Amino acid sequence: MQELFENLFRNAIEHGGDDVTVTVGMLDENGFYIEDDGPGIPPEDRERVFERGYSTDANGTGLGLVIVLVIVQAHEWSIDVTEGTSGGARFEIRERPY
């Protein structure tokens, strides 16, 4: 879990700058979200951000969000990317229903 949070926080700072604000909260009894107030992720790129090697940063490795996805899948959860309340990126993580 620590690595999941570290990677999402690092991603927010790398794309939103040093003054980006990151918010963590509960979705319901089966999930939580992590969102920032940075530039966000365009809808057409939201699925691609989890592809190995995908990065909009020329110096990026494209591994940070892949690691997040692997952690989520290892816990048998799901993750969705959407727009945050302030227009930034929002990652919603939920238990998968059985």
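Higher on the page you've got the structure.
Scope of this entry: the structure provided in the associated data block. The structure presented is a predicted model; accordingly, all values stated were derived computationally and were not measured. All residue numbers refer to position in the chain's written sequence, counted from 1. At least 70 in pLDDT is required for a residue's local features to be given in this predicted model, at least 80 for side-chain atom pairs to be given and counted, and no such filter applies to totals for whole chains, interfaces and linings, which use all residues. The side-chain figures draw on all heavy atoms in the structure; neither hydrogens nor water molecules are used.

1. Things to note about helix α1 (residues 2-16)
- Think of it this way: any DSSP run of H or I at least four residues long counts as a helix, any run of E at least two long counts as a strand, and we number them from the N terminus. Every helix has an expected span of 1.5 Å times one less than the residues it contains. Look at α1: 21 Å from first C-alpha to last across 15 residues, which is about the 21 Å you get at 1.5 Å a residue.
- Within the sequence span of α1, burial applies to Leu4, Asn7, Leu8, Asn11 and Ala12. In an axial view of α1, the angular spread of the buried residues amounts to 135°, which keeps them on one side of the axis. In α1, the exposed positions that point more than 90 degrees away from the buried face belong to Gln2 and Glu14.
- Next to the buried residues of α1 lie β1 (22-28), β2 (31-36), α2 (64-74) and β4 (89-95).
- Phi turns positive, to about 90°, at Gly17, one or two residues after α1. Accessibility here uses a 1.4 Å probe with only protein chains present; expressed as a share of the type maximum, an area under 20% marks a residue as buried, one over 50% as exposed, and anything in between as partly exposed. Here the arc refers to the directions that run from the helix axis out to each C-beta atom. Pairs of residues are marked as contacts when any of their non-hydrogen atoms sit within 4.5 Å.

2. Focus on the sheet that holds strand β3 (residues 77-83)
- Across the sheet, which stays open at both edges, the 4 strands sit in the order β1-β2-β4-β3 with antiparallel pairing between neighbours. Only two strands of the sheet have a single partner each, and these edge strands are β1 and β3. Across the sheet, the mean angle separating the axes of adjacent strands is 20° when strand polarity is ignored.
- Two elements, β2 and β4, share 5 bridges in a ladder whose sense is antiparallel. Bridge pairing in β4 links Phe32 to Ile93.
- To obtain an axis, a line is fitted to C-alpha atoms, over the contacting stretch when the element is a helix, and the angle between two such axes runs from 0 to 180 degrees between their N-to-C directions. Most of the contacts of α1 go to β2, to which it runs at about 25°, and overall it touches β1, β2 and β4.
- Packed onto the sheet, α2 meets β3 and β4 and runs at close to 140° relative to β3. When DSSP finds at least two bridges between two strands, those strands are taken to pair.

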